[in-house]
Structures are given as structure tokens and as C-alpha cells.
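What follows is each chain in one-letter form.
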Amino acid sequence: MGENMERPYVLHVITPDRNVSPFDANMAYDAGYNAIVPYTNVVLEEVKTLVQDAIFSRGPRGVWRTGVFISGRDIDLAMEMLAIAKKSMIPPFEVSVFADPSGAFTTSAAMMAMVEAQLKKAHGQDLNGCKVSIFGATGPVGGCTAVIAAKHGAEVELVAHRSVDDVKAKAESYNKHYGTKIGYVDGSSENLKKAILQKTDVALCTATAGIRVIELAQMKDSPTLKIVVDTNAVPPTGAEGVGPMANAEPIAGTNAVGFGALAIGNNKYQIQNLLLKKMLEGQTHVYLDFLSAFEVARKHLD
Ligand SMILES: NC(=O)c1ccc[n+]([C@@H]2O[C@H](COP(=O)([O-])OP(=O)(O)OC[C@H]3O[C@@H](n4cnc5c(N)ncnc54)[C@H](OP(=O)(O)O)[C@@H]3O)[C@@H](O)[C@H]2O)c1
């Protein structure tokens, strides 16, 4: 035990990108890691060697104080890296691994947990059977959100802003990987967006920062719309009428409430902190992806 007391908590950060995200580095130090070691420009084939190099040097008890964090921008690549890392463990030399590319896993988990809590509180229902339309769905946040919602019974559609082929390819890829039935719809004109908003329960804006995607006139008087979430904090916000601080705030002229980027961000921060602490606390290892992040997020809001 004495031997273990003085050992620092080390987090090996593996990324296919040129840089490790300073946001993630800060988060890891704040959660209790003593050292963050970056590995950049990493390709899939290097993951096994890096992980096995990290697990053997500190003994079976030292592995409790060693973790691997996988980042980057591509959610499929991060999930593949996580799977390889998991397969590379040689018991009892096993360390915890947490993937959160682009912060998308924790952002989407935090967002969907807030949506689910609001559905329960205000409408006595959960995600099951709920219609969820995702605007800006081709990015990492939109993709993870779609899979979480679909895995929990929602009827999910990815909304195309340019070409239906883009969202069709994404939907087919997610459905193949995750056994979901995510659909897609054309939202390339203002009228098409209005038609979608008049029929959906939950609208999520996960588009590139600084782009106004949906407007009040399109949401107005929708008989179904219950919740609008906007993850973009950069003006103009993605959904008109949903301010960055909105936390279940009524949206003028609609029956819906809005959740803004800073309210989501605050919950995301807490979820990432909880997941990093989960890696540090146990005398065992955990593997964390966006689906396990969602489980942690919904418990946190319970
Ligand atoms: N609140 C938080 O805590 C938090 C955390 C992380 C991220 N974010 C924010 O969440 C959003 C999503 O993040 P991300 O990394 O997934 O974003 P991203 O990859 O930058 O953008 C997502 C998608 O938006 C699409 N898009 C571009 N213009 C559009 C338009 N006019 N209408 C609809 N979609 C459009 C793009 O599709 P095409 O490439 O096909 O054009 C892109 O794939 C960003 O605004 C980001 O800043 C917030």
C-alpha cells in the first residue's frame, strides 16, 4: 500500500489529431490526475503497442493509477481505438479507457439526459416513441446524440441541410454499427424545416458554431414540439428564442421549452468530471464511451 501511495495518477491521452485538447487536459487535472501524457497523430495500428506499453510498467496495482483517454474528432475512429485498447489488455494488467472525441460523447450524453429528464417531468414519458429531429446531424455531437436517442427507443431523424445523401450515409453507417433504425429527412429549405418542426417532439440543433439553423416562425404553434436544444453558444445561436443560458425556459409563441449551450455545457462538464473520477476511484478498470456516459448522466440528474 505504501508503495502505491506515492505513485502519481497518470493519464495517457491518445489522439489522431495534431494536438491534445487543452479543455480535456484541464478537465483531467481538475479530476485528480497528476500527469497528462500526450500522444498525437496516432494511427489505429499504433494503439495496441501504446496501450500495452502503458499497462506493464507499474505492476498490477499501478494499473489502478494509470488511465487512457482517447480523443480526436472522428467518433467511429475513437470507438475503434477504444475497442482495440480493450482487446490489448492482458489481465491483470488492465487500465481504464475513456473515449470522448471532440467532447461529443459527454456533450451528447449530457444533452440527452436533460431531454429525458424534461420529458419525464413535464410530460410523464421517456424517450421511447418520442420523435427526435437532429439539425446539424452530420457532426460528432449530432451523431452520438442520434445513437443514444435511438438506442433508448426514440424515433430519430437526421435532418439534411444540403444533400439528403450526406445524412443517408451517416444514418446507414450508425444503423450498421449500433443496430439502430435512425432515419433521415430533407431539411434543405425554410419550408421543409417548418414542416419538420410542426411534426416533431424534440428538435436538437447540433450544427457548426455560429449558424442560425431554426427560427421561431418555423416552431410557432407546433402541436407536437416539446423541447428545443441548441448546443451552439456562438452568436447567432442555432435556435432562435433559445438563449445560451436557457434551462427548460419557455420559448415565446410555442408550447416548447428550450435548453441552451451553456446549460448543456455546465452539465457536460460535470459528466466529464464524474467519468474521469470513475477512472481514478475504483481499484478496477472501466471502459467508457457515449452510451456509458449517458447512463452516468441520467443517474446524475435523477
Ligand atoms: N455546449 C457544449 O458543451 C458543447 C460541447 C461541444 C460542442 N458544442 C457545439 O455543438 C455543436 C456541434 O459540435 P460538432 O463538433 O458536432 O460540430 P461540427 O462538426 O462543427 O458541425 C456539425 C455539423 O453542422 C453542419 N452544418 C453546417 N452548416 C449547417 C447549416 N446551415 N444547417 C445545418 N447544419 C449545418 C455541418 O454539416 P456539413 O459538414 O455537412 O455541412 C457539420 O457536420 C457546435 O456548435 C459546437 O460548438 C457544444
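Residues numbered from 1 in each chain as written. Predicted model: local features only at pLDDT ≥ 70, side-chain atom pairs only at ≥ 80, totals over all residues. Heavy atoms only, no water.

This brings us to helix α12 (residues 290-301). Between the first and last C-alpha of α12 there are 16 Å, a value that for 12 residues agrees with the 16 Å anticipated at 1.5 Å per step. Residues of α12 that are buried include every one of F290, A293, F294, V296 and A297, and no others. Seen from one end, α12 has its buried residues packed into an arc of 165 degrees, which puts them on one side. Summarising the contacts, the buried residues of α12 are in contact with α5 (75-87), α6 (104-123), α7 (140-151), α8 (164-178) and α11 (261-281). Where α12 begins, one side-chain oxygen reaches toward the backbone nitrogen of L291, 3.0 Å away; that side chain belongs to D289. (Helix = DSSP H or I, 4+ residues; strand = E, 2+ residues; numbered from the N terminus. Expected span 1.5 Å × (residues − 1). Buried < 20%, exposed > 50% of the residue type's maximum accessible area, 1.4 Å probe, protein only. Arc of directions from axis to C-beta. Contact = heavy atoms within 4.5 Å. Polar contact = N/O pair within 3.5 Å; in protein donor to acceptor, adjacent residues only side chain to side chain.)

Attention now goes to the nonpolar core. Membership of the largest hydrophobic core comes to 79 residues, with the highest contact counts inside it found for L11, V115, V156, L158, I182, L204 and L276. If you tally residues by element for this core, the top one is α6, at 10 residues. Residue-level mapping places this core at the junction of two domains, with at least three residues from each of domain 1 (2-99) and domain 2 (106-264). One finds V159, V213, L225 and A256 within the second-largest nonpolar core, a separate group that totals 16 residues. (Core = buried A, V, L, I, M, F, W, Y, C linked by side-chain atoms within 4.5 Å. Domains from an automatic or database assignment.)

Moving on: unusual backbone geometry. Trans peptide bonds make up the majority, and among non-glycine residues the majority have a negative phi. With an omega of 5 degrees, the peptide bond running from P91 to P92 counts as cis. Among the structural elements, P92 can be located in the loop between α5 and β4 (96-99). With an omega dihedral of -10 degrees, the bond running from P235 to P236 counts as a cis peptide bond. Along the chain, the position of P236 falls in the loop between β9 (227-230) and β10 (247-250). A positive phi angle, near 60 degrees, is found at D221, a position not held by glycine. Along the chain, the position of D221 falls in the loop between α10 (216-219) and β9. Phi at A248 is positive, roughly 65 degrees, even though this residue is not glycine. Looking at the secondary structure, you find A248 in strand β10.

The next point concerns the domain arrangement of the chain. By a frequent convention, interface size equals the accessible area lost on bringing the separate parts together. Segmenting the chain into domains produces domain 1 (2-99) and domain 2 (106-264). Computed from C-alpha coordinates alone, the two centres of domain 1 and domain 2 are separated by 32 Å. Taken together, the contact pairs five residues of domain 1 with seven residues of domain 2. Interface area for domain 1 against domain 2, summed over the two sides, is near 490 Å², with a carbon-plus-sulfur share of 66%. For the pair domain 1 and domain 2, the interface holds zero salt bridges. Across the contact surface, domain 1 and domain 2 share zero residue pairs in polar contact (both at pLDDT 80 or more). Top contributing element to the side of domain 1 that touches domain 2 by residue count: α5, with three residues. (Buried area = accessible area lost by both parts, 1.4 Å probe. Salt bridge = Lys/Arg side-chain N within 4 Å of Asp/Glu carboxyl O.)

Inspection of the region around the ligand gives 19 residues, with T138, V141, H161, A207 and T231 positioned closest. V141 places a polar main-chain atom, nitrogen or oxygen, 3.0 Å from an oxygen atom of the ligand. A207 has a polar backbone atom sitting 2.8 Å from an oxygen atom of the ligand. About the coverage of the ligand: the protein hides 75% of its 910 Å² of free accessible area. Those elements that place two or more of their residues in the shell around the ligand are α7 and α11. Of the residues that constitute the shell around the ligand, the class distribution is six nonpolar, 10 polar and three charged. (Near = heavy atom within 4 Å. Areas by Shrake-Rupley, 256 points an atom, 1.4 Å probe, with all protein chains shown as cover. Nonpolar A, V, L, I, M, F, W, Y, C, P; charged D, E, K, R; others polar.)

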